Amino acid sequence: MEYRKLRIGFIGAGGNTRKMHIPGFHKLEDVELSVVANRSRESAGKVAKQDGIKRVVDTWQEVVEDPSLDAVCIGTWPNMHAEATIAALEAGKHVLCEARMACNLEEARRMQAAAQAHPELIAQIVPAPFSLDFDATIREMIEAGKLGDLLEVRVVHTGGQSAAPDAPMTWRQDRRLSGNNVLTLGIMHETVQRWVADEPEWLIADGAVFQAFRQYPDTEASVKVEIPDSLSVLGRFGKSSARLVYHFSGVESGKSRMEFRLNGSKGALRFDAFHSQLLFSEAGATEERKITMSRAQSRGWQVEADFVKSIRTGTPVELTSFEQGVRYMTFTEMVAESLANQSARVHWPVS
């Protein structure tokens with residue numbers, strides 16, 4: 001791999017693939033963007049022409065079966081992640097799979113089993129991007145005892161994308177395409193997992209769908225909305241007994257929020273993801289101190305470079321391994337089980 005071009009095929013070429021992955025791979029030496037399959041040959045051809053991919057094929061199976069390829073980047077909706085990932089690994093291809101990992105925990109576990117059956121191949125999930133520049137600093141502060149005993153972990157992400165009754169349907173609201181994933185639940189919890197070496201001992205979840213049917217753009221058929229427009233999760237972590245308080249909403253008009261808070265006995269951290277600010281306050285203080293990142297501390301987006309480096313050198317995947325993906329999919333499954341059972345308390349690990 002070190003002495004010839006690494007040839008990559010693309011299954012799906014949605015917004016994040018075109019915005020992040022394709023440009024990221026283009027920046028790397030000795031990497032060839034070889035082939036793409038999208039929802040239609042026409043759309044794949046447009047991507048290939050505009051984004052410098054050499055060939056177009058009609059189906060994702062043709063990408064997986066192409067003997068000239070070394071790796072596959074899967075940029076589809078979650079409903080295809082397990083099938084395409086497992087097929088690619090069994091065909092001897094390294095895999096970079098878009099978050100969210102899968103539709104449900106069973107699929108995620110099958111993906112992990114396929115990766116474990118092929119340890120010579122790199123299997124990586126695209127990481128949640130919000131905190132990449134801040135993760136190391138947050139972990140260091142927690143490990144150094146700056147927060148003391150962890151008391152609360154609070155996560156809020158709200159927006160108004162579904163506030164209007166006539167707002168269009170999206171794949172994120174369609175259970176057939178998104179599975180048990182709700183809003184940004186899984187990837188926000190993945191972010192917390194990088195900082196807090198603990199799992200929720202139990203949780204309860206409550207959600208609501210405010211508009212029962214919506215229409216996809218340019219269609220007349222209505223689709224039933226089964227994924228909550230609003231979701232709250234309350235729980236306790238196992239080792240620390242810290243409270244877990246999460247809230248997600250697509251019906252909050254006005255200014256959107258995306259914020260993480262770690263409240264401890266000695267101090268508190270607040271990470272404002274929308275403004276890329278990390279703030280610390282001593283216990284009992286009313287003022288916050290902004291923590292400035294040095295260039296060395298600011299990791300930034302290196303997903304494609306990390307993937308290629310792991311392939312060429314055998315470096316273990318850090319962000320995000322299939323094992324880490326199964327962890328956040330376990331959390332997502334717990335939330336789904338609680339929602340399906342009238343906000344019943346669900347304990348880790350869920351079966």
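Before going into details, it helps to say that this report is about the structure given with it.

The rules we used
- Residues numbered from 1 in each chain as written.
- Predicted model: local features only at pLDDT ≥ 70, side-chain atom pairs only at ≥ 80, totals over all residues.
- Heavy atoms only, no water.
- Core = buried A, V, L, I, M, F, W, Y, C linked by side-chain atoms within 4.5 Å.
- Buried < 20%, exposed > 50% of the residue type's maximum accessible area, 1.4 Å probe, protein only.
- Helix = DSSP H or I, 4+ residues; strand = E, 2+ residues; numbered from the N terminus.
- Contact = heavy atoms within 4.5 Å.
- Polar contact = N/O pair within 3.5 Å; in protein donor to acceptor, adjacent residues only side chain to side chain.
- Pairing = 2+ DSSP bridges.
- Axes fitted to C-alpha atoms, helices over the stretch in contact; angles between N-to-C directions.
- Parallel < 35°, antiparallel > 145°, perpendicular 65-115°, else oblique.
- Left-handed = near helix turned anticlockwise from the far one by under 90°.
- Nonpolar A, V, L, I, M, F, W, Y, C, P; charged D, E, K, R; others polar.

Thoughts on the nonpolar core
Across soluble globular proteins, you tend to see nonpolar side chains buried next to one another. One finds M101, M111, V233, Y246, L262 and L269 to be the most contacted residues of the largest nonpolar core, which totals 73 residues. When residues of this core are assigned to their parent elements, the largest contribution, seven residues, is made by helix 10 (residues 322–340). Contacts of M101, omitting those with residues within four sequence positions, involve H81, A108, M111, I125, F322, G325, V326, Y328 and M329. By size, the runner-up hydrophobic cluster in this structure holds 22 residues, among which are F10, C73, V303 and I311.

Observations concerning the environment of R194
You can see R194 is positioned in helix 8 (residues 185–195). Take R194: its relative accessible area is 11%, and that puts it in the buried class. Along the sequence, R194 and S131 sit 63 residues apart, while their C-alpha atoms lie 9.6 Å from each other. Apart from residues no more than four positions distant in its own chain, R194 is found in contact with P127, A128, S131, L132, D135, R139, L319 and T320.

What about the environment of S343?
Among the structural elements, S343 can be located in the loop between helix 10 and strand 17 (346–347). Taking the C-alpha atoms as reference, S343 lies 30 Å from V126; in sequence the two are 217 residues apart. Sequence-distant contacts of S343, that is, excluding residues within four places in its chain, are made with I204, A205, D206 and S338. Of the polar contacts made by the side chain of S343, one reaches the backbone oxygen of A205; its length is 2.7 Å.

Thoughts on the sheet that holds strand 2 (residues 31–37)
As summarised here, the arrangement of the six strands in space is 3-2-1-4-5-6, forming an open sheet in which the pairing is parallel. Edge positions in the sheet fall to strand 3 (55–56) and strand 6 (123–125), since each of these pairs with one other strand and no more. Relative to strand 2, strand 1 (residues 6–11) runs parallel, the two being bridged by six bridges. Along strand 2, the bridge assignment pairs I11 with A37.

Brief notes about the packing of helix 8 against helix 10
Running from amino to carboxyl end, helix 8 crosses helix 10 at an angle of 125°, the nearest separation of the two axes being 9 Å. Put simply, helix 8 runs oblique to helix 10. As helix 8 runs across helix 10, the sense of the crossing is right-handed. Mapping the contact onto sequence places L185, G186, H189, E190 and Q193 in helix 8 and Q324, R327, Y328, F331, T332 and V335 in helix 10. Its residues placed into classes, the contact of helix 8 with helix 10 shows four nonpolar, five polar and two charged.

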